[in-house]
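Each chain is listed here by its residues.
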Amino acid sequence: MVSARRSFEGTLPIATLSRLGGVLAGTDGLLQYELDFGRDELGISYVDVRVRASLALVCQRTLEPFMLPVAVDTRLGLIRQERDEAGLPPDCEPLLVAEDGRLNPADVIEDELLLALPLVPLNPDGSLPDDVTGHEPDPAGEGRAESPFAVLRELKK
């Protein structure tokens, strides 16, 4: 694939990626991928990986599922031995391949998506219900939030 500078693109069901499915709230949907194999000007074999997916995660703040759009765009340097990593350019992540040079594209895509997931998924649009936070909703929306140090100020008097 490297010598022929092959390119692949298409869609893949998220449900087929078992390791990724184990950390998701749901495995519905498809991901889009592009893989471009080649050699750079230094003769280093690489694969450019571009993946777009919308993944179902559980927000660790609200414990509600939400969809996180994920975009991966990375270059992986194909190496056969760990010591070859030192010869890779700085913008190239190492990918250790088997001695026969074969790799499974679905595994590469799954690995890159797993690396792109946040350590603690938080829905940017989510907030805790008022009964959990102990705050009363302000119907006018004009109320000023009380300083967390107001209690200390009262104790100081």
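Just above sits the structure.
Residues numbered from 1 in each chain as written. Predicted model: local features only at pLDDT ≥ 70, side-chain atom pairs only at ≥ 80, totals over all residues. Heavy atoms only, no water.

## Some thoughts on the overall build of the protein
Phase 1 of the analysis: For the protein, the count of helices and strands is four helices and five strands.
Phase 2 of the analysis: In sequence order, the protein lays out its α and β elements as β-α-β-β-β-β-α-α-α.
Phase 3 of the analysis: Counting the 157 residues in the protein, one finds 32% classified as buried.
Phase 4 of the analysis: In the protein, 50% of the contacts between residues at least 6 apart in sequence involve partners at least 24 apart.
Phase 5 of the analysis: When the accessible surface of the protein is split by element, carbon and sulfur atoms take 51% of a total near 10800 Å². (Helix = DSSP H or I, 4+ residues; strand = E, 2+ residues; numbered from the N terminus. Buried < 20%, exposed > 50% of the residue type's maximum accessible area, 1.4 Å probe, protein only. Contact = heavy atoms within 4.5 Å. Areas by Shrake-Rupley, 256 points an atom, 1.4 Å probe, with all protein chains shown as cover.)

## Description of the side chain of N123
Phase 1 of the analysis: Of note, N123 is situated in the loop between α2 (105-116) and α3 (130-133).
Phase 2 of the analysis: From its side chain, N123 meets the backbone nitrogen of D125 in a polar contact 3.0 Å long. (Polar contact = N/O pair within 3.5 Å; in protein donor to acceptor, adjacent residues only side chain to side chain.)

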